[in-house]
Amino acid sequence: MARVAYEPGIVALPDREGDPPRLLGSRCDSCGTVFHPARPVCLACHGRALSDAALDGRGTMYACTHVQMPLRPSRREGRDYWVAQVDLDDGPRVQGLLSPDISEPRIGMRLALGLETLRVEEGGDEIVAHHFRAAGEAG
Amino acid sequence: VRIENVALLGTAMTRFSDHRDRNLVDLATEAGLAVLAEAGIDLRGVGEAYVGSMLAPPMYGVRIMKQLGLTGLPVVTVEAASATGLVALREATFAVSSGRADVALALAYEHGMRRLPGSGGITPGYESLMASPSSFGLWASRRMHERGTRPEHLASLAAKNWNAARHNPLAYHQVDHAMTPEEVLASPVVATPLTQMMGAPMGGGAAAALVARDDVVRRLRPGQPLVRVLSTALVTESYEPGWIALGPSIGPPEMTATASRIAYDAAGIGPEDLDLVLLHDSWINEELEYYEQLGLCRVGEAEKLAEEGATSLGGRIPVSTDGGLVARGHPIGPTGLAQVHEIALQLSGRAGSRQVDGARTALAHLVGGGSSAIASLFQREE
C-alpha cells in the first residue's frame, strides 16, 4: 500500500502525505540551464557535467487544450482532461496534465505542482502522476 | 547543394483508406508493381531500394521487396515517422546523384487498421497520459492567444482540403457535397480548438516513386515532361529555450523554416517561384504555421493569406491540391510519396480536374514525429 509513480525519473513523491512533490531534472554545472527530466548532456552548451535538480513545479501557463478523446481506462479515468504547457520559474517549459479540479484554465495563470491517483492496483498500491493545479489551491 | 541530373521516372499509390480487407504486404506490392509498370521496367532495372513505414515490424521492408523480385539489389529500411516517405525519396535520389544507381526506388507502406504482431506504437509512460492531438491543440491555443486566430480560420482551411479531395479518387475522404467551415466546426471536439474534421485520418495504404538519371527517364518515358528533384533538406531540432523534452510535443516550428531555406538556397529559387505546395497538415493549425515557415507569407500573415483564398485550388499558391493529410489521408509511412505522386501529376499536366494551370515548380514538406522536418523541391524542365 504505497504510492508509486506512473513512470520513474519524472517526479519525486514526498515521504509524507501532504508534503509537496518535486519534478526531477538536472542543472548544467557550466551554464546553469535547467532541464526536466534529467539529461546526460547540456543541450545549451554541450557540457557533460550536470547536477540532479528537484524542481518545485511553480510556473505560468503557456498554452492549454481540453482533450475530449478518451484514453484507455488503464491509463486514466474519465473521458476528458486538460493538458498544458507551463513555463517553470526554474527555467524549462514542460508539458503535463492539469488537475481535474482546475476551473477555467487560461494562458498566463499561475500554476503549482500536485499529484493525482491514476488507479489502485490489486495489492493496494496507488499509481500516481503529477499534474498542475492553480497556485494557491490545495493540491 | 543542388541535385543535378535526377528526375522522377514514375510514381504510384494505392487509395488511402481503411483497407480492412487487405494486408500490408498486399498494399505495398500493389504500389511497387504499379510504379514499375508505369516506368515500363521490372525490378532488374532498379539499382537500390529505400523502403519504409513507421509501424511495420522489423525486416518487413526486405520481405515486401521479395514480392517484386529477387535480384540481389540493396534494400534499406527508412523510418522517420510522418516524414518516412520523403526521407525514402531523399535517399533514393542520393543513390542516383552519387552515381551508385541509374534507377532507385522509394516505397512506403502502412496499415494502421490491421497492425501486425511486433508493430511499433506508443511507449508507456507519462507521455501516454496525453493523447497526441493534445500537442496540436496546445500549439493552436498559443497561436490563438498570440495572433488572434479564430476557429473559423482553422475550419475554412480544413474545408478547403476536404473539397480538394473531392477531385482526387485516391483520397481517404470522399464527400458528395461541398464541405463548409460550419460542418467542420460542428464535428466532435478532439482537443480544443481542434475538431475531428480538422485532423488527418490514418487508415492504410502504400505509395512509391522511382528516380533515375535524366537520360534514363528520357529513354524510358519518351514524350513525358521531365520532372527533376532539385533539392532536398532534412533537419532535426535545434535547442532553443522553451524546448519541451517530455511530450507529446512538436519541436520548434523553425525546423520547417530551416529545412525549406536550405532547399530553396540549394535549388537557387525562392517561395515566390512555387506553383503549388504539399505540406504537413496532420492537424489543420499546422497549415497556418507552415505558410509562414515555408515563406509563402510573412510571419503573422497566414490568417490573411487563408482569408484571401490564395491557397485554394485556383488561388495564387494552391496548397494541398490532393486534399492534404486532412483529406487525402495520412497513413504515416507512405504520405510523403503520395505528395510526390501529386507533384508528378501536377507538374506533368495529368492532375485532371484539380490541375494547377501551367504548374512547373512544387515543394513537398513533412514533419516527422515533431522532431524532424524535410523539404524537397521539384521542377519540370522548360
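Here, the structure is the one placed above.
Sequence order as written defines residue numbering, which begins from 1 separately in each chain. Whichever chain is written first becomes A and whichever ligand is written first becomes 1, with later ones labelled in order. Residue-level local features of this predicted model are given only where pLDDT is at least 70; pairs of side-chain atoms are given and counted only at 80 or more, and the full residue set underlies all totals for whole chains, interfaces and linings. Hydrogens are left out, water is left out, and the side-chain values use all remaining heavy atoms of the structure.

Chemist: Outline empty space enclosed by the protein, listing residues and values.
Modeler: Residues and elements named next belong to chain B. Buriedness of a pocket was judged along seven lines, with at least five required to meet protein on both sides within 12 Å; pockets are open sets of points on a 1 Å grid over the protein atoms alone, cavities are sets where a 1.4 Å probe fits but cannot get out, and lining residues have an atom within 4 Å of a point. Grid points are joined across faces, edges and corners, and a volume is the space filled by probe spheres set on the points. In the structure shown here, the tally under the stated rule is three cavities of 30 Å³ or more. Taken as a whole, the largest cavity encloses approximately 110 Å³ of empty space. Around the largest cavity sit 13 residues that line it, and L8, R221, Q224, P225 and R350 are the ones nearest its centre. For the lining of the largest cavity, the class distribution of residues is six nonpolar, four polar and three charged. Classes in brief: Ala, Val, Leu, Ile, Met, Phe, Trp, Tyr, Cys and Pro nonpolar; Asp, Glu, Lys and Arg charged; the others, Gly included, polar.

Chemist: Residue-level account of the environment of I41(B), with values.
Modeler: Residue and element names in this part refer to chain B. Topologically, I41 is positioned in the loop between helix 1 (24-39) and strand 2 (48-52). The classification of residues rests on relative accessible area computed with a 1.4 Å probe and restricted to protein chains. Under 20% of the type maximum is buried, over 50% is exposed, and intermediate values are partly exposed. A relative accessible area of 18% means that I41 is categorised as buried. Between the C-alpha atom of I41 and that of L220, which follows or precedes it by 179 residues, the distance is 8.4 Å. Aside from chain neighbours lying at most four places away, what touches I41 is L9, L36, V46, V103, L210 and L220. Starting at the N terminus, helices and strands are each numbered in turn, a helix being any DSSP run of H or I of at least four residues and a strand any DSSP run of E of at least two. Only heavy atoms matter for contacts: two residues are in contact if any of them lie within 4.5 Å across the pair.

Chemist: Talk me through the layout of surface pockets; I want residue IDs and the actual numbers.
Modeler: A volume near 600 Å³ is recorded for the second largest pocket. Taken together, 27 residues form the lining of the second largest pocket, with Y62(A), R93(A), W139(B), P252(B) and P253(B) sitting closest to its centre. Looking at the lining of the second largest pocket element by element, the count peaks at seven residues for helix 4 (residues 133-147) of chain B. Grouping the amino acids of the lining of the second largest pocket by side-chain chemistry returns eleven nonpolar, six polar and ten charged.

Chemist: Kindly report on the packing of helix 3 (residues 84-97) of chain B against helix 12 (residues 335-347) of chain B, identifying the contributing residues and their values.
Modeler: Residue and element names in this part refer to chain B. Throughout, an axis means a line fitted to C-alpha atoms (over the contacting stretch in the case of helices), and angles, computed between N-to-C directions, take values from 0 to 180 degrees. Direction vectors running N to C along helix 3 and helix 12 enclose 70 degrees, while the axes themselves pass 5 Å from each other. Here helix 3 lies roughly perpendicular to helix 12, going by the angle between them. Across from G85, L86 and L89 in helix 3, the residues of helix 12 making contact are G336, L337, Q339 and V340. By residue class, the composition of the contact of helix 3 with helix 12 is four nonpolar, three polar and no charged. Angle categories: roughly parallel below 35 degrees, roughly antiparallel above 145, roughly perpendicular from 65 to 115, and oblique for all the rest.

Chemist: Report on the interface of chain A and chain B, specifying residues and quantitative values.
Modeler: Facing 33 residues of chain A, the contacting portion of chain B comprises 29 residues. Between chain A and chain B, a total of about 2,700 Å² is buried, with carbon and sulfur atoms accounting for 65% of that surface. At six residues, strand 6 (residues 59-67) of chain A tops the list of elements feeding residues into the side of chain A that touches chain B. For the side of chain A that touches chain B, a count of residues per class yields 19 nonpolar, ten polar and four charged. In short, buried area is how much 1.4 Å probe accessible area vanishes from two parts on joining, totalled over both.

Chemist: Got a sec to walk through the pairing of strand 10 (residues 126-134) of chain A? Specific residues and values, please.
Modeler: Working note: regular strand, side chains alternate between the two faces of the sheet. All names here are of chain A. Most of strand 10 is tucked away, with eight of its nine residues classed as buried. Strand pairing is assigned whenever DSSP detects at least two bridges linking the two strands. In terms of strand pairing, strand 1 (residues 3-5) meets strand 10 through three bridges, oriented parallel. Following the sheet pairing, V4 is matched in strand 10 by I127. As paired strands, strand 8 (residues 93-98) and strand 10 are joined by two bridges and run parallel to one another. Its bridge partner lying in strand 10, L98 is registered against F132. As paired strands, strand 9 (residues 110-120) and strand 10 are joined by nine bridges and run antiparallel to one another. Residue pairing across strands places E116 opposite A129, the latter belonging to strand 10. Hairpin connection of strand 9 to strand 10: five residues between the antiparallel strands, including G124 at a positive phi of 105 degrees.

Chemist: Break down the pattern of salt bridges for me, citing the residues and quoting the values.
Modeler: Residues and elements named next belong to chain B. Whenever Lys or Arg places a side-chain nitrogen within 4 Å of a carboxyl oxygen from Asp or Glu, that contact is recorded as a salt bridge. Within the structure shown, the criterion is met by 28 salt bridges over all chains. With a closest N to O distance of 3.6 Å, D18 and R20 form a salt bridge. Given the relative accessible area of 57%, R20 is considered exposed. The salt bridge involving R228 is made with D214; its shortest N-O contact spans 2.8 Å.

Chemist: Which residues make up the state of the cysteines, and what values go with them?
Modeler: All names here are of chain A. Throughout, a disulfide means two cysteine sulfur atoms within 2.5 Å of one another. Overall, the coordinates contain zero disulfides over all chains when judged by the stated rule. No disulfide involves C42; its sulfur sits 3.6 Å from that of C31, the nearest cysteine. On the accessibility criterion, C42 (0% relative accessible area) is buried.

Chemist: Can you tell me about the side chain of R328(B), naming the residues and giving the values?
Modeler: Residues and elements named next belong to chain B. In this fold, R328 is placed in the loop between helix 11 (324-327) and helix 12. Here R328 falls in the buried class, since its relative accessible area comes to 0%. The definition of a polar contact used here is a pair of N or O atoms within 3.5 Å, where within protein one atom must be able to donate a hydrogen and the other to accept one, and adjacent residues in sequence count solely through side-chain atom pairs. Reaching out from R328, the side chain makes a polar contact with the side chain of D322 at a distance of 2.7 Å. Apart from the residues within four sequence positions on either side, R328 is in contact with F16, A165, N168, L170, A171, Y172, L278, D322, G323, T335, A338 and Q339.

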